[in-house]
Amino acid sequence: PSLLGLRAQIALDLGLPDRAASTIAEELALARNLGDLQAWIAAVQRRVAFDLATDAFESAARRVEQERARDYWSRISPRSRARLLVQLGRAEAQIARADPERSQQAVATLSAALLDPELGELERALAELALAELEIRAHALDAAVARLCSVRARLSGPLSEERPDELARAVALEAEIGLAR
């Protein structure tokens, strides 16, 4: 399954979303047929990441909620659960752009994810970035500034080379705050 995941990521990086989606579907089917929970969760994370990258936010949120409702949720690794929670919160934050009433749920999900000690630095930065955007929309500019300082600190090391888009997004949000003041 991981080779299929790599193929899917390459297809997405090359701008071939249809090929990426079909490869992820193959990966999901193979993991299910093998009965490999770890491979299944990795494929689900990849599919949710694909949904986020292609602006299919409702689909991303629905997929994570379906996994959370399954009986094996407690058996997957804490780090995988935390990563899925961040993906859910990011999807909810994007959905809240069109439906502001869903902002509170996004804040709750992302805040819960940030409490998890298993959360990796990248996922933590992504959660904080989504929260900063929600804070800007709620006009909590001082809180957003503080959060963006944290994001920039997290992304300033090795992650800056790995995830330059997120660093650029943090800078753009800081500029948005400057214009709002």
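A brief structural summary. (Residues numbered from 1 in each chain as written. Predicted model: local features only at pLDDT ≥ 70, side-chain atom pairs only at ≥ 80, totals over all residues. Heavy atoms only, no water.)

Looking at the overall build of the protein
Step number 1: Assigned secondary structure in the protein consists of 10 helices and 0 strands.
Step number 2: Secondary structure elements of the protein occur, N-terminal to C-terminal, as α-α-α-α-α-α-α-α-α-α.
Step number 3: For the protein, whose C-alpha radius of gyration is 17 Å, the value lies close to the compact-globule estimate of 16 Å for 181 residues.
Step number 4: Over its C-alpha atoms, taken along the principal directions, the protein stretches across nearly 55 × 35 × 30 Å. (Helix = DSSP H or I, 4+ residues; strand = E, 2+ residues; numbered from the N terminus. Rg over C-alpha atoms; globule rule 2.2 N^0.38 Å.)

Section: the pattern of salt bridges
Step number 1: All chains considered together, the criterion is met by 15 salt bridges.
Step number 2: For the salt bridge of Asp51 with Arg63, the shortest nitrogen-to-oxygen distance reads 2.7 Å. Within this pair, whereas Asp51 is found in helix H3 (residues 37–53), its partner Arg63 is found in helix H4 (residues 57–68), the two being separated by 12 residues in sequence.
Step number 3: Note on Arg63: relative accessible area 26%, which makes it partly exposed.
Step number 4: Salt-bridge contacts for Arg147 lead to Glu135; the nearest nitrogen and oxygen are separated by 2.9 Å. Within this pair, whereas Arg147 is found in helix H8 (residues 141–155), its partner Glu135 is found in helix H7 (residues 121–137), the two being separated by 12 residues in sequence.
Step number 5: The buried category is assigned to Glu135, whose relative accessible area is 14%.
Step number 6: When salt bridges that share partners are traced, they join Arg97, Glu133, Arg137 and Arg169 into one network. (Salt bridge = Lys/Arg side-chain N within 4 Å of Asp/Glu carboxyl O. Buried < 20%, exposed > 50% of the residue type's maximum accessible area, 1.4 Å probe, protein only.)

Structural measurements only, silent on function.
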